[in-house]
Amino acid sequence: MFKVNANYLKLPGSYLFSNIAKKVAAYQDANPDKEIIKLGIGDVTLPLAPKIIDSLHDAVDEMSRAETFRGYAPDLGYEFLRNAIADGDYKSRGCDIQPDEIFISDGAKCDSGNIQEIFSVDNRIAVCDPVYPVYVDTNVMAGRTGEYDAASGTWSKVIYMPCTAENNFVPEFPKENPDIIYLCIPNNPTGTTITKAQLQDWVDYANRIGAVIIYDAAYEAYISEEDVPHTIFECEGARTCAIELRSFSKNAGFTGTRLGFTVIPKELKAGDVSLHALWARRHGTKYNGAPYIIQKAGLACYTPEGKAQLQEQVAYYMKNAKTIKEGLSQAGFTVFGGVNAPYIWLKTPDKMTSWDFFDYLLETVNIVGTPGSGFGPSGEGYFRLTAFGSYENTLRAMERIRSL
Ligand code: MLT
């Protein structure tokens, strides 16, 4: 008789955003006349920029002609895109990343979930708390997290690094030494960041204890302040301890189109084993590459016209972030984030639990957000709103909240 991977049975409930979608759908079914404003999942709402659409059209035409048709993509991704990334995201910031250290993929969610496969199941992971749930859930599936304690909402073998208002949302080095450290900067869900000097401390720490940092920089396009690192490779020594995950979802609206990449420097080694070689082996075996037309669309993001159009989109969402931040502050809420990230993290009023506040907002003003506790125990008493809605809906949401 076959057996299932019993680690999956340890996962509590369903994936956070699926759970919320079900709750919202049930409310809408029961209240068909209510107009719900969704500021929950961080999904973009602006259409793809014109330069990207042109590029997609051209690439589709290429696929219609025998001379320009493309089949399987190269293992690491097309060179034209890897060159553009190496120049546009790294060389331009003085970082030494070569095109053959970049692996094109269909998004940072998949990469952040898959990357743990190249590490031993005995490795201890450390995560910020609250945290993007994919990091923890995929380690649960792999059998790396021990047992779940429903009362505390924690896993016995996971090292949690609380990030709350009390420590200004800056993770502190844990008491026990981890092997794998997940950092997401600018942070999802809190919308906060750390400075370059603080990130340098993490890089030094990881090199000192022999840990690897899995650095998720999906929100780097939203950085507005000088002192915030755009990539971990701005830090000295990162080439021997860091893997960086990047996405085209949030800066270029590819949430439905799917494109991302992972950077693994060739110096990053466990003993004499190269992590680059392991990931290349995995990529070649399990993955057939992001579609040619999508990689061509990705290339458009690095053209002068594409860059200008994307900057406008980011500015649009950041205007929403400002509107939410100011609207909530005026309504008396304590608010964080929203300056270098498209997320606003607020304290729930009157010590309400995160889920109670979720129900309250949904039922009284028909607004959907994300309960902080869904991201980890230290998220309890907090709530996340996304700036990725339309400006009109964002304004209306703030009016509704002010009326509470
Ligand atoms: C979020 O809302 O946290 C993100 O949209 C989820 C994701 O990017 O997968």
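Read on for an overview of the structure. (Residues numbered from 1 in each chain as written. Predicted model: local features only at pLDDT ≥ 70, side-chain atom pairs only at ≥ 80, totals over all residues. Heavy atoms only, no water.)

Here's the deal with the overall build of the protein
Working step 1: A count of helices and strands for the protein gives 12 helices and 17 strands.
Working step 2: Relative to the globule expectation of 22 Å for 404 residues, the C-alpha radius of gyration of the protein, 21 Å, shows essentially globular dimensions.
Working step 3: Taking as baseline every contact in the protein between residues at least 6 positions apart, the subset at least 24 positions apart corresponds to 73%.
Working step 4: Summed over all atoms, the accessible surface of the protein reaches about 17500 Å², with 51% contributed by carbon and sulfur.
Working step 5: When the 39 positive and 50 negative side-chain charges of the protein are each reduced to one mean point, those points stand 2 Å apart. (Helix = DSSP H or I, 4+ residues; strand = E, 2+ residues; numbered from the N terminus. Rg over C-alpha atoms; globule rule 2.2 N^0.38 Å. Contact = heavy atoms within 4.5 Å. Areas by Shrake-Rupley, 256 points an atom, 1.4 Å probe, with all protein chains shown as cover. Lys, Arg positive; Asp, Glu negative; His and termini not counted. Charge placed at Lys NZ, Arg CZ, Asp CG, Glu CD.)

Structural notes on the pairing of strand β14 (residues 343–347)
Working step 1: Of all five residues in β14, four are buried; the element is thus mostly enclosed.
Working step 2: Across three bridges, strand β13 (residues 335–337) lies against β14 in antiparallel orientation. Bridging from a neighbouring strand, V335 pairs with L346 of β14.
Working step 3: Here β13 folds back onto β14 in antiparallel fashion, the turn holding five residues, of which G338 has a positive phi close to 80 degrees.
Working step 4: Bridging between β14 and strand β17 (residues 382–386) involves five bridges; their strand directions are antiparallel. By the bridge assignment, K347 is partnered in β17 with Y382. (Buried < 20%, exposed > 50% of the residue type's maximum accessible area, 1.4 Å probe, protein only. Pairing = 2+ DSSP bridges.)

A short note on unusual backbone geometry
Working step 1: With omega at -15 degrees, the peptide bond leading from I185 into P186 counts as cis.
Working step 2: Look at N168: it is not a glycine, yet its phi comes out positive at around 60 degrees.
Working step 3: Assignment of secondary structure puts N168 in the loop between β6 (159–162) and β7 (180–184).
Working step 4: By relative accessible area, N168 is classed as exposed at 57%.
Working step 5: If you check the backbone angles, F169 has positive phi at about 65 degrees while not being a glycine.
Working step 6: Following the sequence through the fold, F169 ends up in the loop between β6 and β7.

Some details on the state of the cysteines
Working step 1: As enumerated under the stated definition, the model contains zero disulfides in all.
Working step 2: Unpaired in terms of disulfides, C110 finds its nearest cysteine sulfur in C184, a separation of 16 Å.
Working step 3: For C110, a relative accessible area of 28% corresponds to the partly exposed category. (Disulfide = S-S within 2.5 Å.)

Some thoughts on the site of the ligand
Working step 1: Every residue near the ligand is listed here: F17, I41, G42, K109, Y132, N188, K250, Y343 and R384.
Working step 2: Between an oxygen atom of the ligand and a side-chain N or O atom of Y132, the distance comes to 2.6 Å.
Working step 3: In the model, an oxygen atom of the ligand is placed 2.9 Å from a nitrogen or oxygen of the K250 side chain.
Working step 4: Burial of the ligand by the surrounding chains reaches 87%, relative to a free accessible area of 270 Å².
Working step 5: Of the residues in the shell around the ligand, the class split is four nonpolar, two polar and three charged. (Near = heavy atom within 4 Å. Polar contact = N/O pair within 3.5 Å; in protein donor to acceptor, adjacent residues only side chain to side chain. Nonpolar A, V, L, I, M, F, W, Y, C, P; charged D, E, K, R; others polar.)

Description of the packing of helix α3 (residues 79–90) against helix α9 (residues 292–300)
Geometrically, a packed helix pair is captured by the angle between its two axes and the distance between the axes.
Working step 1: Viewed as axis vectors pointing N to C, α3 and α9 meet at an angle of 25 degrees, and their least axial separation amounts to 9 Å. Relative to α9, α3 is oriented roughly parallel. The two elements α3 and α9 cross, and the hand of that crossing is left-handed. Along the contact surface, α3 presents F80, L81 and A84, while α9 presents Y292, Q295, K296, G298 and L299.
Working step 2: Within the contact of α3 with α9, the residues separate by chemical class into five nonpolar, two polar and one charged. (Axes fitted to C-alpha atoms, helices over the stretch in contact; angles between N-to-C directions. Parallel < 35°, antiparallel > 145°, perpendicular 65-115°, else oblique. Left-handed = near helix turned anticlockwise from the far one by under 90°.)

Considering the environment of K23
Working step 1: Structurally, the position occupied by K23 is in helix α1 (residues 16–30).
Working step 2: Judged by relative accessible area, which is 33%, K23 ranks as partly exposed.
Working step 3: Setting aside residues no more than four positions away along its own chain, K23 makes contact with W355, F358 and D359.

Description of the nonpolar core
Working step 1: In this structure, I52, L183, L328 and L385 are the most contacted members of the largest nonpolar core, which totals 120 residues.
Working step 2: When residues in this core are grouped by element, the largest group, seven residues, is from helix α10 (residues 304–330).
Working step 3: In contact with L385, other than residues within four places in its own chain, are L39, I324, L328, P342, Y343, I344, L346, I367, V368, G369, M398 and I401. (Core = buried A, V, L, I, M, F, W, Y, C linked by side-chain atoms within 4.5 Å.)

So, the environment of G237
Working step 1: Within the secondary structure, G237 sits in the loop between β8 (212–216) and β9 (242–247).
Working step 2: Classification of G237 by relative accessible area gives partly exposed; the value is 36%.
Working step 3: G237 sits 103 residues away from V134 along the chain, and the two C-alpha atoms are 27 Å apart.
Working step 4: Not counting the four nearest positions on each side in its chain, G237 is found in contact with V203 and N207.

Some points on the pattern of salt bridges
Working step 1: Following the criterion strictly, the structure yields 17 salt bridges and no others.
Working step 2: The closest approach of N and O atoms between R239 and E101, which form a salt bridge, is 2.6 Å. Pair noted here: R239 is in the loop between β8 and β9 and E101 is in the loop between α3 and β2 (102–105), with a separation of 138 residues, a long-range link.
Working step 3: For E101, a relative accessible area of 1% gives the class buried.
Working step 4: One salt bridge connects R246 with E220, and the closest N-O pair in it is separated by 3.4 Å. Taken together, the positions of R246 in strand β9 and E220 in the loop between β8 and β9 put the pair 26 residues apart, joining distant regions of the chain. Exposure class is identical for R246 and E220. Each is buried.
Working step 5: If you follow the salt bridges from partner to partner, you end up with D89, E220, E244 and R246 in one network. (Salt bridge = Lys/Arg side-chain N within 4 Å of Asp/Glu carboxyl O.)

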